[in-house]
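Examining the three-dimensional arrangement
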Amino acid sequence: MERNGTAYSSKDFSSDQDVRWCPGCGDYSILKQMQTVLPELGINRKDLVFISGIGCSSRFPYYMNSYGMHSIHGRAPAVATGLKAANPELSVWVITGDGDGLSIGGNHLIHALRRNLDINILLFNNEIYGLTKGQYSPTSELGKYTKSSPLGSIDHPFNPLSLALGADATFVARTVDRDPTHLREVLKRAHEHKGTSYVEIYQNCNVFNDGAFEPWTDKKQRDANSIILQQGQPLVYDGGNKGLRLDGLKPQIVDLTEGFSQSELWVHDEKDATKAHILSRFFNHEPGPDKFPRPFGILYSEDRFTYEEAMQNQLDKALELQGKGNLDELIRGKSTWEVE
Amino acid sequence: MTMTTREEKRSKVTIHFAGDSGDGIQLAGSQFTLTTALQGNDLSTFPDFPAEIRAPIGTVAGVSGFQINFGSEEINTPGSNPDVLVAMNAAAFKKNIRNLKKGGIIIANEAGFDKRNLRLAHMDESVNPLDEVRASDYQLYRVDITKLNREALQDLELGMKERDRSRNMFALGFVYWLFHRNLDPTLQFLTHKFQTDPIVLEANIRALKKGYHYGETIEAVKRYSIESAKLKPGTYRNIVGNQALAMGLIAASQKAGLNLFYAGYPITPASDILHFLSRHKNFNVKTFQAEDEIAAITAAIGASFGGSMGVTATSGPGMALKGEALGLAVMLELPLVIVNVQRGGPSTGLPTKTEQADLLQAVYGRNGESPIPVIAARSPSDCFWVAFEASRMAVEYMTPVIVLSDGYIANGAEPWRFPKSDDLGKIQAPYFSGKEEYLPYKRNDKLVRSWVLPGQEGLEHRIGGLEKEKETGNVSYDPENHEEMVKIRAERIARIADDYPALERIQGPPKGRVLVLGWGSTFGSIKVAVRNAISEGLEVSQLHLRHVFPLPNDLGDIISGYDQVLIPELNNGQLSKLIRQEYDASVTAFNKIQGLPFRADEVLEKIRELHGA
Ligand code: SF4
């Protein structure tokens, strides 16, 4: 994107405010990748808006040199809905977390997803309440010991991607703070998708929940435990040793070292809602060789009309049927009488 | 066999229509209102219906009522004791008969008084109460509406249920005959309403006409004529409060050159505003039915941030949910209008009844020091002006503004000498002039910051709910800065009062014994009470507040001119508290908390009491 004849650089998107996350926090990486990818996205900075709720991740807008609003706890999707519906020209990004987006603001999140405005919702999932200093969150695993669960959490955790698919989201993806290239790629795809893009980003809170995502980020473990989804490609992981196939609707892990042919594997199709649902269920908290790998990438993407388009269509239709509103006629109404 | 029917002129009549919630009472009432308005009478109405959509049939709890007071003289209230009671069944009779004026007229649907209906109304099955009505007490018309109506529609291809559904039109027709009303407006209305269903249309038209002609065939004693009212010359229309409010919002958005973004969650008695606006998208109105009350206000905030006029409306419980977002709007300093059509509280309270008990909630109900202007509508047509004024304040002062209406005026109707759009003032948003460096929280001499919309090049900035540094708007935890910002936010709202027009007394001397001070929907009852008190020779004046927060600067001076201030309110004394706290005045609170508006005579009695009469 050109600005005064010069292309944007990542610095153009960084504000003059000091970043105040804890040193080592995964939020830094996400901020950096966002600022890095933005010049490639072709968004004019004047049209770029970040809306957040409350929590560590929600400080994000302050650090972006763009328009932004740090709103109240959980409500960012609703604020963004009003903003985008009022001005569809804007590129609107919602920054939320697992507490903000899935607990206090869960209702707004699912309704934003079903309405499908052309906005991007980035859910920084660190499986903990960071800003309030370490209580279990709606994505913390069962039995988790935290300040508010000294005997272990008894709350069954949300599966953020199944939840989004259940709400008929039109773009559902997962990525992770520790994989900058993948993160940028997913952000780019989220931007390109017309409709609500929902991206869960695994984000390490090194102060209150360090290592929560180690099985999928640690170099030694990640290949065995995760699978990178690529459109049109067979589902292969563990350095090409393992693959996935479907027996009807039943997923199976197959050992490619034992002469299993690639042509029999499940080929990723992000347009297939049923398969996306199956992938989103790969959600065991304790990984292992017999467990399904955690999928990263775009699970699902669907073209559906956007809410703001439908809203504008109704305005156009009203204009066509009723004519341009005339204030005097409105105030006068249908029946009047004169008093002399 | 037409009998000679006597004619009588009346200057004022109050009619109460009552029946089962499924009887179409509200429809009959609103049609009588429209017809009466078009005949040039002044009027005031009071619909009173149960919270349940279809409460158990035939029971007292299920009675739906509609009262209209109309006349050739000035009308300010829906009237206290009706002159006419239309009772479609025993329950309706039982609930309302004690209010009927002695000598009044009862129109009773005979079929609604059978044993079953008496049982459902918990009345003695062996005695038909209509047999007990003494001719010396009331003029009773026993009409077998159900039977007559069925006969009239005999040849139509309609089930019994559907036939009975037009009974309300039969009753209405008879009342039209009694009071010399013109059938045309209702015929037109029916033709439009049932345009796709010719048989039902025919049934309703026939029922209406049958009812009308019924008057001619019976030995009706008297017909009444009510001359048109000598209202101020001009063109009038009939208007319902919520409708006026919605129109005021549209008018303001047009005058401000802004798109209106209205977000609401269904709630009684505010939903009609959403319904009305969703039918007027050709005014660049975007309506958004949100997933909850919080989403409604936060979406409106988002829309305002994006450069629209963001509005949300609700009632008390929804207002409670919106509290945190109201605080955000205070911090953001963006235009936002929040309408509270009050109902009986606390909690779910009395959803379909009226009350003024959310005043302190509006003024104080948020965390932190978060002042928001509050203005209140006094009558159905005033809802237009208040909505317009609230929008103007919101846009010009960059602030959330709370509008207080209530169930009584939201659903009530009155004639309105409506304005021309040219006579409405222009609304000027404080857009950034671009002449100096832009700082998001830099203020003009009225302490108003300028409005910059996303999409404006080079002015990118961030706002939020955290405390901000004085001019830059950057997040600041500095102790002195916080104190200063709290003071600035208080001062900028306080200064809005400098721009109010001077308070005008409604009636009575500028100094004296008693000032009756009201706010909101009690206006009409107080007006009649004070007028009557003055004509009794009592020394009393009336002042009515539109701006309840911040209070007008000249209020203190006016109050100090009277020995006593009487404050009638439909709550437990909320304005009284505010006034006592602000001024050194001898305040008498007069409170009614029954989910019903004041009757003028209740206020009059209180005025007399204060005069030691
Ligand atoms: S508490 Fe955790 S999530 Fe919050 S800033 Fe610190 S490391 Fe990051």
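The helix and strand tally for chain A stands at eleven helices and 14 strands. Overall size of chain A, expressed as C-alpha extent along the three principal axes, is 95 × 50 × 50 Å. Each of the 340 residues in chain A was classed as buried or not, and the buried ones make up 46%. Contacts in chain A between residues far apart in sequence, at least 24 positions, make up 66% of those at least 6 positions apart.

Helix and strand counts for chain B come out as 21 helices and 22 strands. Principal-axis analysis of the C-alpha atoms gives chain B an extent of 90 × 60 × 45 Å. For chain B, the proportion of its 613 residues judged to be buried stands at 54%.

The subject of this paragraph is the packing of helix α18 (residues 523-535) of chain B against helix α21 (residues 600-610) of chain B. Relative placement of two packed helices is described by the angle separating their axes and the distance separating the axes. Residues and elements named next belong to chain B. The contact between α18 and α21 brings their axes to 8 Å, and the two run at 45°. On the basis of their axis angle, the class for α18 and α21 is oblique. For the pair α18 and α21, the crossing hand works out as right-handed. Mapping the contact onto sequence places S525, I526, V528, A529, V530, N532 and A533 in α18 and A600, V603, L604 and I607 in α21. Split by residue class, the contact of α18 with α21 holds nine nonpolar, two polar and no charged.

Glancing now at the domain arrangement of chain B. All names here are of chain B. Along its sequence, chain B is carved into domain 1 (6-225), domain 2 (237-423), domain 3 (430-499) and domain 4 (512-610). Relative to domain 4, the C-alpha centre of domain 2 lies at a distance of 25 Å. If you look at the interface, domain 2 gives 22 residues, while domain 4 gives 22 residues. Contributing elements (two or more residues each) for the side of domain 2 that touches domain 4: α14 (359-364), β14 (374-376), β15 (400-406) and α16 (407-411). The residue makeup of the side of domain 2 that touches domain 4, split by class, is 14 nonpolar, four polar and four charged.

In the vicinity of the ligand, the contacting residues are W21, C22, C25, D27, C56, N126, G130, C205, N206, V207 and F208 of chain A. Residue classes in the shell around the ligand are distributed as seven nonpolar, three polar and one charged.

This paragraph deals with the sheet that holds strand β19 (residues 540-545) of chain B. All names here are of chain B. Spatially, β19-β18-β21-β22 is the arrangement adopted by the four strands of the open sheet, whose pairing is parallel. Of all strands in the sheet, those bounded by a partner on one side alone are β19 and β22 (587-591). Each strand of the sheet is rotated relative to its neighbour by a mean of 25°, with strand direction disregarded. Pairing analysis gives six bridges linking strand β18 (residues 512-519) to β19, with the strands arranged parallel. Its bridge partner being in β19, L517 is matched across the sheet by L543. Packing of helix α20 (residues 574-582) onto the sheet brings it into contact with β18, β21 (562-569) and β22, and relative to β21 it is tilted by some 150°. Where α21 meets the sheet, it contacts β18, β19, β21 and β22, and its direction lies at approximately 155° from that of β21.

The omega angle of the peptide bond from T268 of chain B to P269 of chain B is 0°, so this bond is cis rather than trans. Structurally, P269 of chain B is set in the loop between β10 (260-264) and α11 (271-278). Backbone geometry at D238 of chain A places phi at a positive 55°, although glycine is not the residue there. In this structure, D238 of chain A sits in the loop between β10 (236-237) and β11 (242-247).

Moving on: helix α1 (residues 26-41) of chain A. All names here are of chain A. Across its 16 residues, α1 extends 23 Å between first and last C-alpha, which sits within 8% of the 22 Å expected from 1.5 Å per residue. Residues G26, D27, I30, L31, Q33, M34, V37 and L38 constitute the buried set of α1. Tucked inside the fold, the buried residues of α1 contact β6 (119-125), α6 (180-192) and β8 (197-202). Just beyond α1, the residue with positive phi is G42, at close to 75°.

Membership of the largest hydrophobic core comes to 192 residues, with the highest contact counts inside it found for V172 of chain A together with I301 and V403 of chain B. Among the elements that take part in this core, helix α15 (residues 382-397) of chain B stands out by supplying eleven residues, more than any other. If we skip the residues at most four places from it in the chain, I301 of chain B touches V79 and G82 of chain A together with G310, A325, L328, A329, L332, L334 and L336 of chain B.

Criteria and thresholds
- Residues numbered from 1 in each chain as written.
- Chains lettered and ligands numbered in written order.
- Predicted model: local features only at pLDDT ≥ 70, side-chain atom pairs only at ≥ 80, totals over all residues.
- Helix = DSSP H or I, 4+ residues; strand = E, 2+ residues; numbered from the N terminus.
- Buried ≥ 20, exposed ≤ 12 C-beta atoms within 10 Å, placed from the backbone.
- Contact = placed C-beta atoms within 7 Å.
- Axes fitted to C-alpha atoms, helices over the stretch in contact; angles between N-to-C directions.
- Parallel < 35°, antiparallel > 145°, perpendicular 65-115°, else oblique.
- Left-handed = near helix turned anticlockwise from the far one by under 90°.
- Nonpolar A, V, L, I, M, F, W, Y, C, P; charged D, E, K, R; others polar.
- Domains from an automatic or database assignment.
- Near = placed C-beta within 6 Å.
- Pairing = 2+ DSSP bridges.
- Expected span 1.5 Å × (residues − 1).
- Core = buried A, V, L, I, M, F, W, Y, C linked by C-beta atoms within 7 Å.

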